[in-house]
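Remarks on the overall topology
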Amino acid sequence: MEENMKLATVEDTVEYCLFLIPDESRDPEKHKEILQMYIERIMTQFASMLVPYIWQNQPFNLKYKPAKGGVPAHMFGMTKFGDNIEDEWFIVYVIKQITKEFPELVARIEDNDGEFLLIEAADFLPKWLDPDNSANRVFFHNGELCIIPAPRKHGAVSWLPTTPPRIAQALNIISTHPEEILASESIRAAVNRRIKGYPEKIQASLHRAHCFLPAGIVAVLKQQPRLVAAAVQAFYLRDPIDLRACRVFKTFLPETRIMTLVTFTKCLYAQLVQQRFVPDRRSGYRLPAPSHPQYRAHELGMKLAHGFEILCSKCSPHFSDSKKSLVTTSPLWASFFESLKKNDYFKGLLEGSAQYQERLEMAKNYFQLSVNQSESSLAMIPGEEILTLLQTIPFDIEELKKEEANLPPEDDDQWLDLSPDQLDQLLQEAAGKKESEPISKEKEEQNYDLTQVSESMKAFISKVSTHKGAELPREPSEAPITFDAHSFLNYFDKILGPRPHESDSDDLDEEDFECLDSDDDLDLETQEPGEEASLKGTLDNLKSYMAQMDQELAHTSIGKSFTTRKQVEPLSQTTNNNSDEEDSGAGESIMAPVDVDLNLVSNILESYSSQAGLAGPASNLLQSMGVQLPDNTDHRLTSKPTKD
């Protein structure tokens, strides 16, 4: 990784680096040896959590990376997480825990989007922090998120660099000023909320389902449950060439199928279920009628069997046997194995028992994929690993059929079909909003106050907007909007129409006009007498011109499209019922001012209704400000509300 720590352009990939805090007492000649020792300690200490984890594509891993381009030597890892974003956030949790267990370590993590931790906490970032100056500022230390700040003024704080720091600079700052660089509580809370629940959350992300599979696959998955991910991906990303191998199955014959319980992640299960696929007639895989009670188990098993067959077809059955004994011959394996025993990885299981052997095989594969990567060029691909297991693990189909009779129940997959309310709740939780007590729709509609809509929109308009976007009036879950509605309405009255007993022009006085004309920055008090008279004449002409425009627009379709306030006092007690006479005298009457609130709410509700329950500008804008509109239960043609 270069000095600016830019991520290589790899799709759906997360990179992480662990640095040692500078220590003058540490022997530089032994730096590599020390880092390799830390790799072994970390991977052993977290083995109980990492070994059984089912990764979408690649597991968490660490390897030594020498110093290069100003970046000191460090521990480096890269994981392709694919479609399962939870893999990335689990790695964030692991990195956070590593720095908590080893305070002498400092960690950086980013993905192909860059500083995704800052993206997660975007609502709470200081205004000075943006993608242009965030390089090498975000770290984990002592289990907490740290952001190296930028000085407000050049040289104001001697230990803060005015430009993005280099890695060596950042490590020195973290070691000497750990308290000053701690990220704000709101930023840390946003990140912690995303990883809340780990490691218990791992179990919640799994889904267990019955599958009708060939006995060979059942035996393989009993030894290496993580291989289900490779099989699902092979089926999910299949192409016509892959399917040629599935015309006639050579490795996993359909005649040997039995019912078993397979553990997926929810992401893998969804990928498998949502794919529509009809097997080739020559394959021998037949599905029962969709009404059959075990149709889903047969369909899942058929798809998974295709994935395993595709994996095995990509390698020669006579691959090099040198790979099979690679793990146990590694010089690191003996110490790694002893560390597993010290950390009670085997949970007191009897050595040589079936469960002990299963955990041992999982540890070997974990070691190969995550620790012993210096020999990764010799590592087995999934197909080779499957064929190796089939050759080395004895299994009895009759014994597996006996287990079939006592299978535990599968998990409910109703989570695949979320209702709109459940989806809204998930989105609110993801946005960090507090859960509220459920309210019936009838009560919600009765108690709903439409002033929330108008006040929120007014607050939004009053905020600053630039070429970078508009500021929201408040952040989610913050206090209600405070807004000076009186001054705001006065301003709109002057622009859109007068109040009763006022002139029917825009009636902008000199002070108001002066505030609006920021380009010229006019100040009547500093003007010369002649200039002041000329300016007043210009203002009078402008008022007269705007008044004439108001009168003309009042009788057009645009003018009539606005709802106006009723006149409190008529200008004259005499009225004429003849519509023509009313129109002819309209130019001399006081024009009713536009009701800003009513028009605003009316147009917002019309826009919301036209969305037909889908996402749209009205709901998106209001929800971003914390305003939730009730469902539209009136299916009649939308018409403008009238004011009583």
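Below is a summary of the structure that appears in this document. Source: prediction; values computed, not measured.

**Examining the nonpolar core**
One finds Ile42, Phe60, Phe90, Ile98, Ile109 and Leu117 to be the most contacted residues of the largest nonpolar core, which totals 61 residues. At eight residues, the largest contribution of residues to this core is made by helix α3 (residues 85-101). Leu117 has contacts with Trp89, Val92, Ile109, Val138, Phe140, Leu145 and Val191, leaving out every residue within four places of it along the chain. Counting 43 residues, the second-largest nonpolar core is a separate cluster that includes Ile217, Phe264, Leu268 and Ala305.

**Digging into helix α26 (residues 596-610)**
For α26, which comprises 15 residues, the first-to-last C-alpha distance of 21 Å matches the rise-based estimate of 21 Å (1.5 Å per residue) to within 8%. Among the residues of α26, those classed as buried are Val596, Leu598, Asn599, Leu600, Val601, Ser602, Ile604 and Tyr608. Residue Ala612 follows α26 closely and has a positive phi angle near 55 degrees.

**Concerning the pattern of salt bridges**
Scanning the entire structure with this criterion turns up 14 salt bridges. With a shortest N-O distance of 3.2 Å, Glu110 and Arg108 are connected by a salt bridge. Each member of the pair, Glu110 as well as Arg108, is classed as buried. With a shortest N-O distance of 3.6 Å, Arg208 and Asp411 are connected by a salt bridge. Of the two residues, Arg208 is situated in strand β7 (residues 206-214) and Asp411 in the loop between α17 (397-404) and α18 (420-430); the sequence distance between them amounts to 203 residues. Here Asp411 falls in the partly exposed class, since its relative accessible area comes to 29%. Connected through salt bridges with shared partners, the residues Arg296, Glu299, Lys303 and Asp413 form a single ionic network.

**Some points on helix α6 (residues 185-194)**
Of the positions making up α6, those classed as buried are Ile187, Ala190 and Val191. When α6 is viewed along its axis, its buried side chains cluster within an angular range of 90 degrees and face the same direction. Residues of α6 that are buried sit in contact with α4 (116-120) and β6 (144-147).

**A word on the sheet that holds β6**
Read from one edge of the open sheet, six strands run β2-β3-β1-β4-β5-β6, paired in antiparallel fashion. With partners counted over all chains shown, the strands left at the sheet margins are β2 (63-65) and β6, one partner each. Neighbour-to-neighbour, the strand axes of the sheet open up by a mean angle of 35 degrees, direction not taken into account. Inspection of the sheet shows strand β1 (residues 13-20) paired to strand β3 (residues 74-80) by six bridges, in the antiparallel sense. Bridge pairing in β3 links Tyr16 to Gly77. Where helix α5 (residues 167-176) meets the sheet, it contacts β1, β4 (105-111) and β5 (138-141), and its direction lies at approximately 45 degrees from that of β5.

**Brief notes about the packing of α26 against helix α27 (residues 617-624)**
Packed helices, taken two at a time, are described by the angle their axes make and the gap between the axes. In contact at an axis separation of 7 Å, α26 and α27 are set at 115 degrees when each is read in the N-to-C sense. Judged by residue contacts, Ile604, Ser607 and Tyr608 of α26 engage Pro617, Ala618, Ser619 and Leu622 from α27.

So, how was this worked out
Residues numbered from 1 in each chain as written. Predicted model: local features only at pLDDT ≥ 70, side-chain atom pairs only at ≥ 80, totals over all residues. Heavy atoms only, no water. Core = buried A, V, L, I, M, F, W, Y, C linked by side-chain atoms within 4.5 Å. Buried < 20%, exposed > 50% of the residue type's maximum accessible area, 1.4 Å probe, protein only. Helix = DSSP H or I, 4+ residues; strand = E, 2+ residues; numbered from the N terminus. Contact = heavy atoms within 4.5 Å. Expected span 1.5 Å × (residues − 1). Salt bridge = Lys/Arg side-chain N within 4 Å of Asp/Glu carboxyl O. Arc of directions from axis to C-beta. Pairing = 2+ DSSP bridges. Axes fitted to C-alpha atoms, helices over the stretch in contact; angles between N-to-C directions.

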